[in-house]
Each structure stands twice: as C-alpha cells, then as structure tokens.
Amino acid sequence: MRTVNSANLSYAARFASLARLIRKTLLLESATIYILDTERRMFSRKVCSSGPARLLICAIPAGEGAAGRCASTRQPLSCSREHLHRDETTAAPGSTITCLPIFHGSRLMGALSLESPAVSPLPSWGVTVLHDILTEVAGLISTMEISERSSRRVQHLMTLNELGMALARPVPYPDLPAAIPRMCNSFGNACCSVLRITGDVSREEQVIIQCGRRSRPQRRSLLEIEERCSQRVLSTGTPYLAIDVVADEDLPPSCICVPLRGEKRLIGTLTIFGKSGRLGVRRNFDEEDREFFEGMTNLASTALVAGENNYRLSLLAEENDRKLKELSLLYRVSNAMHSTTMINRLIHLNLAALVSGSPHLFERAMLFLVNRRSGFMQGMLGVTFHQAAPPPEPQHEKDENLFSRWEISEKDMRLQENSDFNRMVMSTRIPLDRTMNIPSRAVLDRRLMLVRGKTKRKYRGMDFINRFQLSSFAAVPLMAKHDAIGVVIVDNPLTCKEISEDDLRLLQLFANQAGMAMDNSILYNRVENANREAVEIRERLLEGERLATLGETAAIVAHELKGPLVCMGGLARRLTRKEPQGSREWHYARTISMEAERLEKMITEILFFSRRTTICYTTCSARAIIEDSLAVLSGSLEEKKIRVKRRLAAAVPDFLGDFQQLKQVFINLFTNAAEAMKNGGALSVSAAEARLDGKRAVSLKVRDTGGGIPQEILPQIFDPFFTTKEQGTGLGLPIVHRIITNHGGRIQAMNRPGVGAEIRMILPVEPPTKRD
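A short tour of the structure in this document, coming up.

What counts, and where the lines are drawn
Residues numbered from 1 in each chain as written. Predicted model: local features only at pLDDT ≥ 70, side-chain atom pairs only at ≥ 80, totals over all residues. Heavy atoms only, no water. Salt bridge = Lys/Arg side-chain N within 4 Å of Asp/Glu carboxyl O. Helix = DSSP H or I, 4+ residues; strand = E, 2+ residues; numbered from the N terminus. Contact = heavy atoms within 4.5 Å. Pairing = 2+ DSSP bridges. Axes fitted to C-alpha atoms, helices over the stretch in contact; angles between N-to-C directions. Buried < 20%, exposed > 50% of the residue type's maximum accessible area, 1.4 Å probe, protein only. Polar contact = N/O pair within 3.5 Å; in protein donor to acceptor, adjacent residues only side chain to side chain. Phe/Tyr/Trp six-rings, centres within 6.5 Å; stacked < 30°, edge-to-face > 60°. Lys NZ or Arg CZ within 6 Å of the ring centre and 35° of its normal. Core = buried A, V, L, I, M, F, W, Y, C linked by side-chain atoms within 4.5 Å.

**Things to note about the pattern of salt bridges**
Working step 1: Overall, the coordinates contain 15 salt bridges when judged by the stated rule.
Working step 2: Between Asp420 and Arg423 there is a salt bridge; the shortest N-O distance is 3.1 Å. You can see Asp420 and its partner Arg423 sitting in helix 9 (residues 420–426), three residues apart, about one turn around the helix.
Working step 3: Ionic pairing is found between Glu627 and Arg646, a salt bridge with its closest N-O pair at 2.9 Å. With Glu627 in helix 14 (residues 622–632) and Arg646 in strand 19 (residues 642–648), the pair connects residues that are 19 residues apart, well separated along the chain.
Working step 4: Each of Arg196, Glu205 and Glu226 takes part in one network of salt bridges that share partners.

**Looking at the side chain of Ser193**
Working step 1: Along the chain, the position of Ser193 falls in strand 7 (residues 192–197).
Working step 2: When residues no more than four places from it in sequence are discounted, the contact partners of Ser193 are Pro181, Cys184, Asn185, Ile208, Ile209, Gln210, Thr271 and Ile272.

**Some details on the sheet that holds strand 8 (residues 206–211)**
Working step 1: Here we have five strands laid out as an open sheet, ordered 8-7-11-10-9, and antiparallel in their pairing. In the strand order of this sheet, the two ends are held by strand 8 and strand 9 (240–242), each with one partner. Looking at each pair of strands side by side, their axes are set apart by 15° on average, direction ignored.
Working step 2: Direction of pairing for strand 9 relative to strand 10 (residues 255–261): antiparallel, over a ladder of three bridges. Following the sheet pairing, Leu241 is matched in strand 10 by Ile256.
Working step 3: Of the strands in this sheet, strand 7, strand 8 and strand 11 (266–273) are in contact with helix 4 (residues 176–188), which crosses strand 8 at around 35°.
Working step 4: Contacts from helix 5 (residues 219–236) reach strand 7, strand 8, strand 9, strand 10 and strand 11, with the element oriented near 135° to strand 11.

**A word on the side chain of Arg364**
Working step 1: For Arg364, the location among the structural elements is in strand 12 (residues 364–371).
Working step 2: By relative accessible area, which is 11% here, Arg364 ends up buried.
Working step 3: Separated by 2.7 Å, the side chain of Arg364 and the backbone oxygen of Phe468 make a polar contact.
Working step 4: A distance of 2.8 Å separates polar atoms of two side chains, one belonging to Arg364 and the other to Asp491.
Working step 5: Non-local contacts of Arg364, meaning those with residues more than four positions away in its chain, are made with Val355, Val383, Thr384, Phe421, Phe468, Gln469, Leu470, Ile489, Val490, Asp491 and Pro493.

**Digging into the packing of aromatic side chains**
Working step 1: The final tally for this structure, using the stated rule, is six aromatic pairs.
Working step 2: Their ring planes at 50° and their centres at 5.7 Å tell us that Phe666 and Phe670 sit as a pair that is tilted. Taken as a pair, Phe666 and Phe670 lie in helix 16 (residues 659–676) at a separation of four residues, close to a single helical turn.
Working step 3: Given the relative accessible area of 3%, Phe666 is considered buried.
Working step 4: Here Phe670 falls in the buried class, since its relative accessible area comes to 0%.
Working step 5: Through a chain of ring-to-ring contacts, the aromatic side chains of Phe368, Phe421, Phe464 and Phe468 assemble into a single cluster.
Working step 6: The positively charged end of Arg14 is found above the aromatic ring belonging to Tyr11, 5.1 Å away from the centroid.
Working step 7: Across the ring face of Phe376, the terminal group of Arg429 is positioned such that the distance to the ring centre comes to 4.3 Å.

**Examining the nonpolar core**
Working step 1: Formed by 43 residues in total, the largest nonpolar core has its most connected members in Phe655, Phe666, Phe670, Leu683 and Met761.
Working step 2: Of all the secondary structure elements, the ones that give two or more residues to this core are helix 14, strand 19, helix 16, strand 21 (681–692), strand 22 (695–703), helix 17 (732–742), strand 23 (746–752) and strand 24 (756–764).
Working step 3: Among the elements that line this core, the one with the most residues is helix 16, at eight residues.
Working step 4: Contacts of Phe670, omitting those with residues within four sequence positions, involve Ile626, Ser629, Leu630, Leu633, Leu683, Val685 and Val702.
Working step 5: Counting 27 residues, the second largest nonpolar core, distinct from the first, contains Ala365, Val476, Ala480 and Ala514.

Right, here's the structure in full:
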C-alpha cells in the first residue's frame, strides 16, 4: 500500500500496483480496474495486472459487457468470457469473471474485474480485503479526476493565452473571420466551428464554417443546428450548451453556442461542435468546456472589433488620401490651365490629366468641340493612359504637390497626336442631335451622362458606341458661361472598371475648370488675333503707301533708263567682239557691258517688286524646288568650295504654290549665302512637316556659315533698297519676303553671331482663302 500512496509515482503506476496486489493476494488469473469517464456513460480507461503500468484507452458503454452491466446495475456480478465486451481484458477459457462496482461515497467511479479459475472460487476472507482495496481505488480515482480537472484548467488558460497571441498577430481584417473558426478547431479540439457575423447597414451577414475531415459530409446538418442555436443565443444574449443534440452517430452529440459581443451590442455568434475523446470517440461538452469557449469567444470578439475598427480606419485613411490626391491633381491642373492661353496645349493638358497618374482616373479620354453652324461635334483629341505623361513628382521631400505646376512637353503632345486612337477621334463627327447619341444629349441638356454596360442597348446612336467599343462610359459637357462648347468622354476599356460616384464627382469638377479655362483661352485668342490683324493691316497700309510711291518712281526710272541702257549694253558687247581681246579698248568695252548688265538687272528687280504679281498655283514639291535652285547655282557653289547639306524629311507633304516664284526665293537665298561665304563653307537646307495656325504646313530652312548678320541691322534686312553690299540693290530679301507672304506663309531671319545666318520659312499646304 505504500507504493499506492507514493506521490512520486504516476496514477497509472499506482493503479497497476493495486491490480497486481489484488491478483497476488487473492491468487487470481488477472485483475483489471476500469475507470468511468466524467459523464459516467462509459468506461474510458483501464489498468490490467498483467499489462504495462499505464492507463489503456477503452470504450465500454454502460450496460455492455461485464463491467458495463455492473455499472448499470451498480451491483456485483459474475459471468463467463463469452459475455465480455471487446475492449475488456481477455479471459482464459473456462475461467469466471467477477465484476465489483467501485463507489466513492454514493458516486460510481469504476469497476473491478477479477478473473479466477472455475475450480478456485473467491474465498470469503477476500471480500473483506476487497472492500478496503476498493475504497483505496475509489479514493485514487477521485484524486486523479481532481488532478486532471486542475491540469485541464491550466491547459485551458495556456490555450487561451496562445489563442490571444495568435489573434494579436497582424492578420488582414478580410481574412480574420475565416481564421477564427480555424483557430477554434485547432485550439479547442473541436470537430467543427461556425462563425456567424450579423449584418447591419454597412455589411451583410457572414457565415464561415470550418469542419474537420470526418465532419465535412455533415456540413449541411451542422449548419441547420447552428442556425437554430444562433437564433436562440442572439435572442437571449446568453451562451447555450446543448447535450445529446442528435442520435445520429455521424454527428457530434454536443455543441456550444456563445454570443460575440462588440461595443455594447451583439455582433454574432460562435458555435463549436463535438469534442474528440479517446479513440476518436466524441463526447458531450461540460461546463468547463463552456467556460473555456466563452473565453475563446471573448478573445475572438475583441479581435474582430479591433480588426474591424482598424480596417475602417485604414479605409478612411485611404479615402482621405485619395481625396487629397484628387484635389491636389485638380488644383495643379487648374493652375496649369490658367498658366497658358494656347488652346491646343489646354486640350492636351485637360485630357492628359484624366488618364495619367498612378492610379489613373480613367483609361481613355476623348474631346469633341461643338460647331453649331454645321450642327456637328468634331473630334479634337483622344488620349489613352499609355500615352499620357505622368505628373511631375516633387524634387524634394519638403516640396508639396500643390505648389508644383503640371507641364506637358511638345514631345508628349506629338506622341498623343500621332496615336491611332487620336486619329480615329479626329476623324469622327457626331451629329448635334439629342435623339441620336449620348454625347449630344449631354451637350444639349448641359448635364453629365453615365451609361452602364448593361443599359447601353436602350440608347440610340449605337454607331458611335460601336466605333469606339464603349461599354460603360461617361460624357460630361464643357460649359462656358451658359453654353456648352464641347464634351469629354471617358471610359475604362481594358480593366472594365465601373465608373464610381466619386469618379463622376471629380470628373464634373474637372470639366467645370476645363470649360472656364478653354473659354478664357478662346476669348484671349480672339482678342490677340484681332489685335494682330489690326497691326498687320496697319503695316500693310503703310507698306502699300510706300510701294505705291516706289512703284510710280520705279516705273518712271525704268521707262527712262531701260532704253538707253539696252542700247549702251548692246553697243559695248559689239565692241568687245570687234576689238582684240586683251587690248585696252576691249577692257573698256567689257567694263561698260558688265555695268550695263548690272543696271538692267537692278531695273528688272525694281519693276518686279513694284508691280503686283499673280500667283499661278500648282502642286509643288519642296525637294524639287530646292534641287532645281541648287542646279542653277551648282557651278558657282563648287567654284567657291561651298558644301551643300540637305536635310529633307521623307514625309514632307506636297503643297500648292507658284513653282517659279518659290524657285526664285531659294535662288536669292542661296546667292546671298554664297556671297557671305567668300572663303568657302557649308550651306544647309532642310524641309519638314509643320503646322501653321493649326493647319498642315511645310517648314523650310536655309543656313550658312558666313559669319552671320550684325544684330543692329537684322530688323531692316527685309526693307526695300536696304543693303550692305557695294553693288547690291537691296531688293533680294524684300522680294523673298513678298513671295512668301503672298503665299500665306511666314519668314523669319535668325542670327548666329560668329557662325552664320538662318532664314526660316513656313508655307501652308493649302493656299489661303483670302489674300491681301
């Protein structure tokens, strides 16, 4: 008995010592101690005198086998080996099994099974010995249960601590509800856990179930039981412990449903099913389990509430950050809009702002301007987020986006203009009729229109929608005072992202700013054009007066001098043919002939400049004009060792002009350049496509290395009779200027001091409709 009471031994060793003591004392074949579970429904553990000194797992229900019947009747009984349960210790053939109940007070704790030979029954004195031993066994079982209960409470506290640490880890809130049932199964030794989060104004009801492998076939039945338990708990607000819920062996017999409490309200329930016992047997939960799962639920509630609050704060922070970026973008674009009056740059800025940035607001943007005379809207520009330059980032950390101006470069503008999408937009004209298409309705009704992908079929004007493969899109008018001057159309064709209310709100604010900026730009350009036209008219009037006087004088001079000069020149040339070459008389005659020829050329230029010439328009090629002009002067250029550099772009368009007059322009410019490069040099001529007043044009440049034009005389080089040459007439560049301006073009002289001069000309592809 000392061994039994030794605190250094495990309970299993003590039970084994008692079993061996009984077998040895009573001269039995074997002695087995069976221990009931906490519910007193079956024998769950046993210790045999002939086996190892440890508690063996068994599952002998009350009423089955010798030990089970002894427990159900609470009386001793004897039987043969044929009546034993499969988990009872096997007896030898012919032996007798005697089972005695073990009581601790009035509480049944277990049973003692004794195997004795049939020829050697239990002696009478053994009954007295067994009474004392059974009392000792009952006390030992009670002590073990108290110890196990204390250990289980400690284990529950440790498990709650581990669960709290697991829930305290950073888990994204959308993933947290699914993690809680999984943790309950892991930490609570449950076969199935169901988390139900009630819905409210801001969210829908969620039901998350996590089942073990063996419980998955009963998923639907478990959800039905959970729903009934959850409704009861939500109505009462108290935990609910259900025992022997169903008789089906495949379903867990017990469940616990605990309310999830948030901030002064119930936010849902947590239901845990089954309890895995030894040998996989599921048993009912008890009050200790209920307290344990209440603690788990409190931790889960705290984690859910904290996670939801943090998630809402993060969403609010993201929303505020997004609004700040949108307002910053709107301010910067507005600042950029009001910093320029160029309508073309404004259009590019407007559309680029809608599709640029990260993340971009929209993926495509189109602008159509209204032409009320024709009754159509003309496509002006189309931009995608692939072509839009990103907004500039602050150069220093202290810089703020609000104080940085958004600029768009010429390169970015050309990239947008040369895209296939922009060409498609520019080739599109939309009838200004509200019954035919959505953009017209937005302009005429002066309101923003949103078309969803599912509802676009009910609108007329599907040609426009199909042309650009529009699904969901928005059309917002650009308002100038009380009238719409255009419409902006935006959509997201790649990601098919729906246009939100926030996107529409920002789009409307943007359109208001863009409309005012474009209206101001149009008014400013009108005033500027009117002022420029007034200045040009004044200059033309003054020039006309000068030319009228010059023409009268030139006509008189030419009439009086041309006859004698022709006569003098002819006679001088005849003398050079008669006199011996190299003689003094021959030199005199040759000098007279050359001077007469120079004077004749001067009179011809004066007559050309003084009279109004007629332009004979034909289709001209810049390359052909340049090559013909160089061919005329090729000998002179080679003689002066002047290299010719041609930079003629392949895509230079043909244009309408007077081929001979334009050839005269290049001959005059090449001649001036050759005269400036007396010791040789480089003559560069280039041609490229350009735009003049928004229309297609041809850019022409002539550059030399003759040292340049003195800065002080640069403004006077196009004035008639102004020259710095000893034998010049001062009419070469004025004639060039007149021919270019008569063709509706522009000419400008650029000086490179110490290097050379550059003459820049630009001619329209189509002739001007009105010529002065």
